[in-house]
Amino acid sequence: MRLEFSAASLDLNDPVVMGIVNVTPDSFSDGGQFDSFQAAVDHGLGLVAEGASILDVGGESTRPGASAVTVEEEIARVVPVIRELTRQSSVPVSADTSKPEVIEAAVAAGATMVNDVRALRQQGALEAAASAGVVVCLMHMQGQPRTMQAAPDYRDVVEDVYGFLAERIEACLSAGIDESRIVVDPGFGFGKTLEHNLLLLQGLERFLDLGMPLLVGVSRKSMIGAVLDKPVADRLWGSLALAVMAAERGARILRVHDVAATLDALKMVAAVENVGPQ
Ligand code: 7PM
């Protein structure tokens, strides 16, 4: 399996890591926008040094209960960071956004991927991604970020999410997005109870039937906090366990905060998967 970015092609025969770069105003400093720009760029370059194969740059918090960000604010946050990371590294840079205007600005700044928690359902987003020729990650979310954790409800969580992703793949193909540029993601934590999240990981292999590379984001998430009763700062070991399980079940891209640790875990999985018969 390979993923065709406009500038490069990424080998997914062994799973790779997407490093998370958040660009959010720093409430602890009064240094203004330059501080958060520099912190995000430094963080992204550090993740590349650790071995990240893709950087995911986001300026809109999708945390449950988070307030929305305007188009102008989101562009002001992410575009300078995307431009600088594209200039200083050779890994594909992904824009974590739902808005068509941000997609266009991010691509002009060098992004070759769009990671959209709304799976390009916002008006104009599908067309913007198609005409930009970017790789797209289609993620499942039930409801909206502000309210999605109120009462998640499924008939069969794996089959419901599968049906949604199949429909979004069709929408992308109809809009002219090539199948070599589509990634799918069941969206851990997005409108799901703990049990829904555990069932999705248990049944992850079902999503391989979609025929597209599978991206999984479980790093430091509340499903780990709930099982281990640990705060976000103490969720690395739980995150590694779930990353290993996802890789064993066929995930090709792991979206993580802790790149070096995750890569060690994935290299051990790959060594076992790839050893020849004696
Ligand atoms: C608070 C709660 C802050 C949740 C951040 C988050 C995913 C994603 C996110 C994912 C894809 C996080 C999430 N999660 N994009 N964006 N898949 N494709 O933990 O699972 O990073 S935001």
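Just so you know, these numbers come straight off a predicted model, no measurement behind them.

## Things to note about the nonpolar core
Turning to step 1, where the next piece is worked out: Counting residues in each nonpolar core, the largest one holds 69 residues, and the members touching the most others are Val57, Ile82, Leu120, Val136, Leu204 and Phe207.
Turning to step 2, where the next piece is worked out: In terms of residue count, helix 5 (residues 157–174) provides more of this core than any other element does, nine residues in total.
Turning to step 3, where the next piece is worked out: The contacts of phenylalanine 207, once residues within four sequence positions are left out, are Val158, Val161, Tyr162, Leu165, Pro186, Leu200 and Leu214.

## A word on the site of the ligand
Turning to step 1, where the next piece is worked out: Around the ligand, the structure places 13 residues, and the nearest of them are Asn115, Asp185, Gly217, Lys221 and Arg255.
Turning to step 2, where the next piece is worked out: Asparagine 115 is positioned such that a nitrogen or oxygen atom in its side chain is 2.7 Å from a nitrogen atom of the ligand.
Turning to step 3, where the next piece is worked out: In this structure, an oxygen atom belonging to the ligand sits 2.6 Å away from a side-chain N or O atom of lysine 221.
Turning to step 4, where the next piece is worked out: Contact with the protein chains removes 81% of the 480 Å² of surface that the ligand exposes when unbound.

## Examining the side chain of asparagine 115
Turning to step 1, where the next piece is worked out: By the element assignment, asparagine 115 lies in strand 6 (residues 113–116).
Turning to step 2, where the next piece is worked out: Judged by its relative accessible area of 3%, asparagine 115 is buried.

## What about the environment of glutamate 50?
Turning to step 1, where the next piece is worked out: Among the structural elements, glutamate 50 can be located in helix 1 (residues 33–50).
Turning to step 2, where the next piece is worked out: Overall, glutamate 50 belongs to the partly exposed group, its relative accessible area being 37%.
Turning to step 3, where the next piece is worked out: In this structure, the C-alpha to C-alpha distance between glutamate 50 and leucine 120, residues 70 residues apart in sequence, is 30 Å.
Turning to step 4, where the next piece is worked out: If we skip the residues at most four places from it in the chain, glutamate 50 touches Asp258, Val259, Ala260 and Leu263.
Turning to step 5, where the next piece is worked out: Reaching out from glutamate 50, the side chain makes a polar contact with the backbone nitrogen of valine 259 at a distance of 3.5 Å.

## Some words on the sheet that holds strand 7 (residues 135–139)
Turning to step 1, where the next piece is worked out: Taken together, the eight strands give an open sheet; going across it, the order is 8-7-6-5-4-3-10-9, and neighbouring strands pair in parallel fashion. In this open sheet, the two strands that pair with only one neighbour each are strand 8 (182–185) and strand 9 (215–216).
Turning to step 2, where the next piece is worked out: Bridge count between strand 3 (residues 16–22) and strand 10 (residues 253–256): four bridges; the pairing is parallel. Each residue of the ladder has a partner; that of valine 17, found in strand 10, is leucine 254.
Turning to step 3, where the next piece is worked out: On the sheet, helix 9 (residues 259–274) packs against strand 3 and strand 10 and is oriented at approximately 165° with respect to strand 3.

## A word on the pattern of salt bridges
Side-chain pairing between opposite charges can occur once the charged atoms of the two side chains come close.
Turning to step 1, where the next piece is worked out: Under the criterion given, the structure shown has eleven salt bridges.
Turning to step 2, where the next piece is worked out: Across the pair glutamate 74 and lysine 99 runs a salt bridge whose closest N-O atoms are separated by 2.4 Å. With glutamate 74 in helix 2 (residues 71–88) and lysine 99 in the loop between strand 5 (93–96) and helix 3 (100–108), the pair connects residues that are 25 residues apart, well separated along the chain. Residues glutamate 74 and lysine 99 agree in their burial class; the two are buried.
Turning to step 3, where the next piece is worked out: Residue glutamate 159 is joined to arginine 206 by a salt bridge in which the shortest nitrogen-to-oxygen separation is 2.8 Å. Placement of the pair is glutamate 159 in helix 5 and arginine 206 in the loop between helix 6 (194–202) and strand 9, with a sequence separation of 47 residues.
Turning to step 4, where the next piece is worked out: According to the relative accessible area criterion, glutamate 159 is partly exposed, its value standing at 29%.
Turning to step 5, where the next piece is worked out: Where salt bridges share partners, they join Asp56, Asp96 and Arg255 into one cluster.

Conventions we followed
- Residues numbered from 1 in each chain as written.
- Predicted model: local features only at pLDDT ≥ 70, side-chain atom pairs only at ≥ 80, totals over all residues.
- Heavy atoms only, no water.
- Core = buried A, V, L, I, M, F, W, Y, C linked by side-chain atoms within 4.5 Å.
- Buried < 20%, exposed > 50% of the residue type's maximum accessible area, 1.4 Å probe, protein only.
- Helix = DSSP H or I, 4+ residues; strand = E, 2+ residues; numbered from the N terminus.
- Contact = heavy atoms within 4.5 Å.
- Near = heavy atom within 4 Å.
- Polar contact = N/O pair within 3.5 Å; in protein donor to acceptor, adjacent residues only side chain to side chain.
- Areas by Shrake-Rupley, 256 points an atom, 1.4 Å probe, with all protein chains shown as cover.
- Pairing = 2+ DSSP bridges.
- Axes fitted to C-alpha atoms, helices over the stretch in contact; angles between N-to-C directions.
- Salt bridge = Lys/Arg side-chain N within 4 Å of Asp/Glu carboxyl O.

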